[in-house]
Structures are given as C-alpha cells and as structure tokens.
Amino acid sequence: MRETARNDQPILAIDPIEGPGRAHARPGSEDDMDRLNELEAQSIFILREAFARLKHLAMLWSLGKDSNVMIWLARKAFFGRVPFPVLHVDTGKKFPEMYAFRDRYRTEWHLDLIVEPCPPIEDMDPTLPPAARSAARKTEGLKLALARHGFDGLIAGIRRDEEPTRAKERVFSPRGLEGSWDVRDQPPEFWDHFNATPPPGAHMRVHPILHWTEADVWAYTRRENIPIIGLYLSRDGRRYRSLGDADITFPVASQAKTIDDILIELDATKVPERSGRAMDHESEDAFERLRASGYL
Amino acid sequence: MYMPIAEPLAETHAAKARALIRIVIVGHVDHGKSTLIGRLLHETGSLPDGKLETLRSSSARRGMRFEWSFLLDALQTERDHGITIDTSQIRFRTTARDVVLIDAPGHTEFLRNMITGASQADAALLIIDAVEGVRDQTRRHGYLLHLLGVRQIAVVINKMDRVGYDEARFREVEADISSELADLGLTAQAVIPISAREGDGVALRTPRIAWHRGPTVLKALDDFAPARPMRELALRMPVQAIYKFDDRRIVAGRIEAGRIAVGDAIVVMPSGTAARVRSIETWPAPVAGPGPQWASAGESIGITLDSEIFIDRGDIVATAAMRPKAVRRLRARVFWLGGTPLGVGASLDVRIGTAGVRGTVVKIEHAIDPGRLSSLGAADIARNHVGEIELALTRPVAADPYSVNARTGRIVLEADGRIAGGGLVLSVDVAGEGTRKRATIVPVKSAVPAAERARRFGHRGAVVWLTGLPGSGKSTLGRALEERLFARGGMPMLLDGDTLRDGLNADLGFSAADRTENVRRIAEVAAHLARNGVIAIVAAVSPSAADRAAARAIAGSRFYEVFAAAPPDICEQRDPKGHYRRARSGAIAGFTGVSAPYEAPAAPDLAVATHVLEITAAVDQLERFLEEVEVLAGGERQASPDVSI
C-alpha cells in the first residue's frame, strides 16, 4: 500500500507533486491558452462563484479520477486549501484500493473529510432493477448527509460527455426538497451567471467539470501529476474506466498501462465510459430514474 | 521529487492538436434539428459501433419508421413528446476540429433552454424547413442570437427532398431569411440546401443539389472561427472574492479582457481607488524564482496589491485611463423569460460581471415579440419577448456599454432568486449620477446658475437632435435654426456631425462601433452645453435607433429627436456633397442610405418634411415646437421670460 509509482510504473498511485506552479503553463507566452488551461480557468471560476454565493458547501469525493481532478482544481482556486468539507458517501462496498487512497490523501491534502455511510439495500425501492437498487443506496446516503449537515450546495464531478442525461445538466442545478432533479423545469443559465438561490430547504448541485471530457480529465491528471488509483491502469489486459461499487463495476479490456496509453486508447474508442457500470444498462430509463430521484 | 513532463502528449490526443468549437443548432420546431444532428454523427463516423442497428431495430419493435432524431432522444420524456426539451450537447469530430454541437429546443415554451444553449456557442446553425420557410421561432431565434452576441451564423434550408430539390424555392427562402438577418445586423456566412434525412448537402454536394455553389454543412462547420479571449481590449477583471486564508490578501477573479502585470497601476471601480499590482499568486507556489509576471484574458487568477485599499466582490479591476463607468442608471436591450410580464416599477436583482445589485425598471420602450415583426408598442415586456429598459440601481456598480466591452456590458436579471432575463447594455449613466459618485473625481460646477443663464437667454438648455439621411437637409435646417434663435437673443450652438469628425471624432471611422462612439461623444458635448443653458443643435445622420436612444439617455431631460424626413430618392437626387454618386460607384463603402441601413425614428419628437417645406417654414415649425415644449418662452411673454429650471 505504501508503494507509489510514476505513470510508467503503475502500482498504486502516482505521487502527489508539489512542484513548480503549472497554473500558468507558459508564463509570458503570447500563444493561445491551450484547451487544458481554458478548462481549468473555467472550473476555477465556477468553484469561486459557488464559494462566494452559497453558504454551506461540500464537495462530493467519490475517490475517482474526476473528483480527484476537482479537488485539485479547488486547491488551485483557493490557493492550496479546500475551504469546505469533502463528503464521501460510502456504500462500504468500494474497492480496497479506494479506501487506501482516501485514507492517504485526506491527510496529505488536508481535507476536512466527512464519511456518510449508506442505508442497507433492503431499504431501497424494490421496483428498481438490482444494480440500480444497489446504486440507489448512495442517493439515500446523500439525503442523510444533507439532512444532517444542512448543506445548501453540493459540488459534484459529473461531466456532460459521460451519459446523455448529464449532457442536459446546468452548471448550477437546483434540486428539490427530496434532492430530486426536474429536467423539465430547469432555470436558464447563460454568460457564466448562475442560479445560486436554492428554495428553502433545497440545495444546489454545482458541476465545475461539466464541460470536461474523459480525455480532458486524463490529460490534465497527467499534466498536473495528480495521484490516481492504480485500478484505472491495465493489469492482465484489463482496467477500470470508471470506479464504483466493487460488486457492480466491471473492468474493460485494455492494454493501457500509463495515462498516455489511456489517451491513445480513448482517441480510438467508441465504447461509452460507463459501459462497465451495470446500473446504467438494465433498462432504457434506469439511469434517468436514478438521477430524477437525486443520484448524481 | 518533481519531474516536469517535457515530452508532448501523443499527437492524436485532441486536447493538444485540435481546435474545439461550440456550435448551437437553432430554428423552428420540427424543422429538423435533431435529424441533422443524427445525420452529422453518422457522416462523421461518430456513432458507437452497433448504435445505428440497435436504434433501427428498436424503432421496428415500436412499429415506427426509423428517424435520425431518435439518436438524440436520450430522455424518456422526449420520446413521449417527440420534441427536444432541454439543451443537449453532443461531441463529434470533423477532419479539421472537435465540435461540440449544442442542440437547442425549437419549441417556444423552452426558449430559456435555447438561450442557455446558444449562450455557450461560438457560432450557430439556423435551420429552416424548405416547405414552411421562415417561421415565428426562426425569427425569435435569430433575434436572440443577436442579443446573445452570437455573430457567426450559417443557414441550413432543410427538407429539400420535400420540394423536389427546387432551386427557385431555395432562393426564395434564402432571400427571406437574409433580409430578416440583415435587419438584426447579421449576415449568414453560408446558406445551404440540404436534406438531413436523405443526406444531401450534409457531407456531400449530391447531384440533386448540383446547382448549389456554396459549402456543405460539414464544410461550413469548419469555416467557423472559435471564440478568442479578448486580450486586445482594455483590462477588465471582475472581482469574485477576497481571500485571506493566510497572511496574503488575494484578490481573485477571471480576467475578462486585456492583461495585467506585476507593477501595473490599477483602479478599482466603481470606487475609483488606485493601487499597484504587487504579485500574481499561484498554487502550487513556485519552488524557486518569481511567480508569473503577467496574465491575460481568459485566465482565472489571484493578485495582491501594494496597499490595503477597500475592494470587494463585484468590483472591477481596470486601468485608470480606460476604466468602466460607475453606473447608477443604465439602458439595456433585454429578453424576458419570467412568468409574469416585466413592467415599469418592477424590482429585480441585476447582475453585471460579478456584481449583484437591486434595480428598478423606470422605463420600457419597444417591447415586442421577436417572433412577429410588428412592434406592438406594449407597455410591458411579456414572457419570451424583448424590449429596451431603463434601470435605476440602488448603488453604483462598474459597467460598460456593450459596444465597449461585450463581457462587462451585459446584464442578467433575476426575479425571486431565479434568472429571468438578460441583455445588452446600450448606455450607462442615464442621469449622469454615477459619475459624480466617483471618489477620485470631483466635478466642478459652473459658477453661473442655470436659472441665471435662462433669464439672460430667454430659453432653457436643450438638445435638438436632427437625424435623417445624408442630403435630407439637417445641416441647412440646423444652421437656419441657429440663426433664428441667436436673433431672438438666445444662445444656440450647432454641432454638425461632419464638422466634429474633423476634430473631436477624427479617430473614428464608420463601423457600427465607431458610429456608436461618434454619437456618444456628440451627445456628451451636447448634454454638457444643454446643462449649461445652451440650445445644442446636433446635425448628424446617426443612423442607429439604439445610438440615438443612448444619446437621449446621456442628455436626460429636454432631448428632442427631430426627424428630417426627406425620402431616400429625393436625398439621393439632391446629393449636395456628391456622396451618393461616389457610394453608388463603390468609392465609399458603408454609406448610409446606399450600403448601410438608416433606422428612421419610430416616434420622433418632431418630424419636419424637409423635402416639401421652404426653409423658413421649416424653422417656424421648429420654433413653435420649442415653444410648445417650453424650451423657448412664448412669443408674447418674450419681454419678461419666466422660464426657470
């Protein structure tokens, strides 16, 4: 568990690097900002807007590649600190590597970590298909955390390119009292002006990397040397593209042993990122139903 | 240990090698947006393997004919209703670049979603059904593209298969939409005949549209230019927050325009307080040596200053010479999405940059439904309609007119905590109040009270703004009026547009922005004269209704728009300066009345038939008008003027 690796020797995680600033990749350059700089600047803007306009913020930390990028961006936005709690809604069924990662980086990154355990599967809607029912535990865990801590804003690392219903999300997305999402009645959002006034008792979801792609996340992770969980890299011809609960997440065939390999592989693939997430594929609307009731 | 990654990423990775462009597809409901997107995904090889087959068989199972639009119908609710409800974003690649296609709903009810989608776009595809032609929502979307600042547009005329690929029908629709766009100051980069369902004109110019000489849709997408950060403009950094996590006091924000460097002298608006940039802060902090020395538009940064000045969220960091205005009143052209109509007296949250301030609507003009061309002249702006409003703010905020800076010159309106409208700032400082609030500028008041001047001149100060086509007789009328007023003991002063272009406005050309600035400067001078008791007679073509409205706002009260109403053919026939002749021969580009539009006043304070009346009669009419509005004391009371301010 203490082993670390550069991205050419995948074992557990890449060392966190506290090196020369990359906030300005090419200080003094007249070149156009490249795409990663542009994405980063936009995400930092969104995080600062959230921090300025909402009172009780928390950031959801799933331990996956996206939420690690998000934490990294928060540290850039707030000059090294994450000035709000980081919330892990824990199903208790994550991979051991994920728990090891959490325990290490909560300390190294000085995170104010809140772990919220999820209720048992017996309490879930029995009409949902099995994997979706399992995933629904997370939604219920989230509701418990909201009730306990009274957050009015939850920062989540979802992206438009992951899944069609997420493509319809706003950057600041109001949730109903039960955490529900009404896709039919989303307020307008334009010119980087956000709706930041949740109705009493409800909360806003804030999506700072909504405009990123899977390849963007990997390219940025590589450029910034952000640590990752080793499961993302190929071992015995298989790797995880997306990490969820150990029992409902499956690896894909891949030879990608480094992030560069992943980027090359992604460039060629047409297989969706969440193809290894069982709950998305049980019925045509399973994921949408999960989201409408508050799933990320 | 830190090991910088020197080698470039793999050539194939999009983030490095390829440009990204965001394109919104808009148009009337059922004109074929989703079908075109489905077809584009297919033609560019962007569909996941087997997706097409799955959909074809799932359509067959439902007993429906396969439609390309099924590809996009991700949500159950959309399948039920058969229309796109919310903006969806789809990525694909052309040979040249990565494209994010923003699919905006065409249904009126979902205009807020169309706006959400279109506001993120660098360019737009406007789709029109060849059978139906231009419809309400085509116009509405065109108008909103104009308001949202999307300037690159390609028009796609779809369903050519339904009109037998008839070129004459295509030309007809092309002419219709081109003239509608021209009214909004927009020009389509291409107008393309297609059949999204059959594939003509999307990736290939098929024989059935062999008569088409322009690009295919894919080529048109590649011809759009991605938006660029506005580095060339004056510095604007709206402040998001001040962070004091440690001993540093960091001013955080995103640079919207221009650049900023360590050591720069800056001012913070609206207070006008000055300071210098001490550092640009980053995380991770540099291990050795100094941090970045400068940053430019598009970057989210943090700076520290050399003194502990008061600065807060909502302020704008700028340079002293080219600062935004401190604004208490502004005029804006807005779209309204709120549930109840927007009326005079409405109280709203107004957002400009990162500032939020309470504002009251004090005036509404030109409220119309952009889907229908007729102006209704309604008192309120209904849901999904547009109009021009004047807002009074509860405290000064920093802002620009849209013509100066598109980012800091637009507003967002919030009602009950929900975004309900937005638009472009046409002019600021309607009452000239904000400028007087500036901490560092203390305007010097004239030593002579306005009432004293009025007593001596026998009139109040005013702006008489003569607008009309070149050759309509504005200068002649202005000179004659000046003579008449002077003869009766008054203090008139002619500000002739051409004369001022020789000096005050010598740096300006004839682009829309320069024309706006030209009018603004003339208006400022005229307003200053009027405030000091002079009757400023402006003779300027001033072709833009918005510019004239801005001039009225600058002058405040006693601004009179006088229309020299000679019709175009007579003006051209007169052609006193030979300008029309040279414009017709192409020697003058962008000449108003020939190659640039003139927007005649919809409701001038006075219209003078300069093509019919003798000059004396025309001046008589003006003099009577000025008496009626009590700028001039009436003839019988001339001996003892009781005009007071």
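### Some words on the overall build of chain B
- Each helix and strand counted, chain B has 17 helices and 25 strands in total.
- Burial analysis of chain B (645 residues in total) assigns 56% to the buried set.
- Of the accessible surface of chain B, which amounts to about 26,800 Å², a share of 52% is contributed by carbon and sulfur atoms.

### Brief notes about the packing of helix α5 (residues 111-118) of chain B against helix α6 (residues 136-148) of chain B
All names here are of chain B.
- Contact geometry for α5 and α6: axes closest at 11 Å, N-to-C directions at 40 degrees. If you check the angle between α5 and α6, you find them oblique. The interaxial crossing formed by α5 with α6 has right-handed handedness. Between α5 and α6, the residues in contact are Leu111, Met114, Ile115 and Ala118 and Gln137, Arg140, His141, Leu144, Leu145 and Leu148, respectively.
- Counted by class, the contact of α5 with α6 contains seven nonpolar, two polar and one charged residues.

### Looking at the sheet that holds strand β11 (residues 273-281) of chain B
Residue and element names in this part refer to chain B.
- Taken together, six strands build a closed barrel; the order of strands is β7-β8-β13-β11-β10-β14 and the barrel is antiparallel. For this sheet, the mean inter-axis angle between neighbouring strands, taken without regard to orientation, is 50 degrees.
- For β11 and strand β13 (residues 300-305), the ladder comprises four bridges, and the chain directions are antiparallel. Of the residues in β13, the one forming a bridge with valine 277 is leucine 305.

### So, the pairing of β11 of chain B
Residues and elements named next belong to chain B.
- Both strand β10 (residues 265-269) and β11 contribute to a ladder of four bridges, which runs antiparallel. The partner of valine 267 across the bridge, within β11, is alanine 274.
- A loop of three residues connects β10 with β11, the two strands running antiparallel in sequence, and glycine 272 in this loop sits at a positive phi of about 85 degrees.

### A closer look at the environment of glycine 371 of chain B
Residue and element names in this part refer to chain B.
- Here glycine 371 is to be found in the loop between β17 (355-368) and β18 (385-399).
- Separated by 236 residues in sequence, glycine 371 and arginine 135 place their C-alpha atoms 7.7 Å apart.
- Leave out the neighbours within four places in its chain, and glycine 371 touches Asp136, Arg139 and Arg140.

### Here's the deal with the nonpolar core
- Counting 65 residues, the largest nonpolar core has Trp61 and Phe172 of chain A as its most contacted members.
- Residues in contact with phenylalanine 172 of chain A, not counting those within four places in the same chain, are Ile46, Glu49, Ala50, Leu54, Glu189, Phe194, Asn195, Ala196, Met204, Arg205 and Val206 of chain A.
- Leu20, Val26, Phe170 and Leu337 of chain B belong to the second-largest nonpolar core, a separate cluster that totals 45 residues.

### Points about the sheet that holds strand β24 (residues 559-564) of chain B
Residues and elements named next belong to chain B.
- Pairing is parallel across the open sheet formed by five strands, whose spatial order is β22-β23-β21-β24-β25. Looking along the sheet, the strands with just one partner apiece sit at the ends: β22 (492-496) and β25 (606-608). On average, adjacent strands in this sheet sit at an angle of 20 degrees to one another, irrespective of strand direction.
- Examined bridge by bridge, strand β21 (residues 462-467) and strand β23 (residues 535-539) share five bridges and lie parallel to one another.

### Looking at the side chain of arginine 254 of chain B
- Locating arginine 254 of chain B in the fold gives a position in strand β8 (residues 250-254).
- Classification of arginine 254 of chain B by relative accessible area gives buried; the value is 6%.
- There is a polar contact of 2.7 Å between the side chain of arginine 254 of chain B and the side chain of glutamine 42 of chain A.
- Once residues lying within four places of it in the same chain are set aside, the contact partners of arginine 254 of chain B are Gln42, Phe45 and Asp192 of chain A together with Arg236, Met237, Pro238, Gln240, Gly298, Glu299, Ser300 and Arg407 of chain B.

### Looking at the side chain of arginine 515 of chain B
Residue and element names in this part refer to chain B.
- Its location among the elements puts arginine 515 in helix α13 (residues 512-531).
- Of the side chains bearing the opposite charge, aspartate 547 lies closest to the buried arginine 515, which forms no salt bridge; the N-O distance is 7.3 Å.
- A distance of 3.2 Å separates a polar atom in the side chain of arginine 515 from a polar atom in the side chain of threonine 592.
- What arginine 515 contacts, discounting residues up to four positions off in sequence, is Arg501, Gly509, Phe510, Pro543, Asp547, Gly590, Thr592 and Ala596.

### Comments concerning the packing of aromatic side chains
- Counted according to the given criterion, the structure contains 26 aromatic pairs over all chains.
- Taking the centre distance of 6.4 Å and the plane angle of 85 degrees together, the rings of phenylalanine 101 of chain A and tryptophan 109 of chain A count as edge-to-face.
- Judged by its relative accessible area of 2%, phenylalanine 101 of chain A falls in the buried class.
- What links up through ring pairs into an aromatic cluster is the set Phe51, Phe78, Phe79 and Phe84 of chain A together with Tyr243 and Phe245 of chain B.
- Here the basic side chain of arginine 254 of chain B rests over the ring of phenylalanine 45 of chain A, its NZ or CZ set 3.9 Å away from the ring centre.
- Seen from the ring of tryptophan 294 of chain B, arginine 259 of chain B lies directly overhead, with NZ or CZ sitting 4.2 Å from the centre.

### Some words on α13 of chain B
Residue and element names in this part refer to chain B.
- Helix length check: α13, at 20 residues, gives a terminal C-alpha distance of 28 Å against a target of 28 Å (1.5 Å per residue), a fit within 8%.
- Within the span of α13, buried status applies to Arg515, Thr516, Glu517, Asn518, Val519, Arg521, Ile522, Ala523, Ala526, Ala527, Leu529 and Ala530.
- The N-cap of α13, judged by a side-chain oxygen 3.1 Å from the amide nitrogen of aspartate 514 a few residues on, is serine 511.
- Downstream of α13 by a residue or two, glycine 533 has a phi angle that is positive, lying close to 90 degrees.

### A closer look at helix α3 (residues 51-61) of chain B
Residue and element names in this part refer to chain B.
- Within α3 the residues assigned to the buried category are Leu52, Leu55, Ser58 and Ser59. Projected down its long axis, α3 carries its buried residues within an arc of 130 degrees, all on one side. Pointing more than 90 degrees away from the buried face of α3 are the exposed residues Ala60 and Arg61.
- At the exit of α3 stands glycine 63, carrying a positive phi of roughly 70 degrees.

### Observations concerning the packing of helix α1 (residues 35-53) of chain A against helix α5 (residues 214-224) of chain A
Residues and elements named next belong to chain A.
- Where α1 meets α5, the axes come as close as 11 Å, and the angle between the chain directions of the two elements is 95 degrees. Comparing their axes, α5 and α1 come out roughly perpendicular. Seen from α1, the contacting residues are Arg35, Leu36, Asn37, Leu39 and Glu40; seen from α5, they are Asp216, Ala219, Tyr220, Arg223 and Glu224.
- A breakdown of the residues in the contact of α1 with α5 according to their chemical character gives four nonpolar, one polar and five charged.

### Comments concerning the pairing of strand β20 (residues 418-428) of chain B
All names here are of chain B.
- Along β20, ten of the eleven residues are buried, which leaves the element largely enclosed by surrounding structure.
- In the sheet, strand β15 (residues 325-336) pairs with β20 via seven bridges, with the strands oriented antiparallel. Across the sheet, the residue bridging to valine 334 is glycine 423, located in β20.
- Here six bridges tie strand β19 (residues 410-415) to β20, and the two strands are oriented antiparallel to one another. Looking at β20, one finds that arginine 410 is bridged to leucine 424.

### Regarding unusual backbone geometry
Residues and elements named next belong to chain B.
- Cis geometry marks the peptide bond from methionine 269 to proline 270; its omega dihedral reads 10 degrees.
- Here proline 270 is to be found in the loop between β10 and β11.
- A positive phi angle, near 55 degrees, is found at tyrosine 165, a position not held by glycine.
- Overall, the relative accessible area of 12% leaves tyrosine 165 in the buried class.

### Re the pattern of salt bridges
All names here are of chain B.
- A complete count under the given rule lists 66 salt bridges over all chains for this structure.
- Aspartate 620 serves as the salt-bridge partner of arginine 484, at 2.8 Å between the closest nitrogen and oxygen. One end of the pair, arginine 484, is in helix α11 (residues 474-487); the other, aspartate 620, is in helix α17 (residues 615-628), and 136 residues separate them in sequence.
- Assessed through its relative accessible area of 22%, arginine 484 is described here as partly exposed.
- Judged by its relative accessible area of 30%, aspartate 620 is partly exposed.

### Some thoughts on the confidence of the model for chain A
Residue and element names in this part refer to chain A.
- With 82% of its residues at a pLDDT of at least 70, chain A reaches an overall mean of 82.
- Averaged pLDDT values over the elements of chain A bottom out at 68 in helix α7 (residues 286-292) and peak at 97 in helix α2 (residues 65-77).
- Every residue in residues 1-32 is under pLDDT 50, and counting partners more than four places away or in other chains gives 102 contacts.

The rules behind the values
- Residues numbered from 1 in each chain as written.
- Chains lettered and ligands numbered in written order.
- Predicted model: local features only at pLDDT ≥ 70, side-chain atom pairs only at ≥ 80, totals over all residues.
- Heavy atoms only, no water.
- Helix = DSSP H or I, 4+ residues; strand = E, 2+ residues; numbered from the N terminus.
- Buried < 20%, exposed > 50% of the residue type's maximum accessible area, 1.4 Å probe, protein only.
- Areas by Shrake-Rupley, 256 points an atom, 1.4 Å probe, with all protein chains shown as cover.
- Axes fitted to C-alpha atoms, helices over the stretch in contact; angles between N-to-C directions.
- Parallel < 35°, antiparallel > 145°, perpendicular 65-115°, else oblique.
- Left-handed = near helix turned anticlockwise from the far one by under 90°.
- Contact = heavy atoms within 4.5 Å.
- Nonpolar A, V, L, I, M, F, W, Y, C, P; charged D, E, K, R; others polar.
- Pairing = 2+ DSSP bridges.
- Core = buried A, V, L, I, M, F, W, Y, C linked by side-chain atoms within 4.5 Å.
- Polar contact = N/O pair within 3.5 Å; in protein donor to acceptor, adjacent residues only side chain to side chain.
- Lys, Arg positive; Asp, Glu negative; His and termini not counted.
- Salt bridge = Lys/Arg side-chain N within 4 Å of Asp/Glu carboxyl O.
- Phe/Tyr/Trp six-rings, centres within 6.5 Å; stacked < 30°, edge-to-face > 60°.
- Lys NZ or Arg CZ within 6 Å of the ring centre and 35° of its normal.
- Expected span 1.5 Å × (residues − 1).
- Arc of directions from axis to C-beta.
- pLDDT = per-residue confidence, 0-100.

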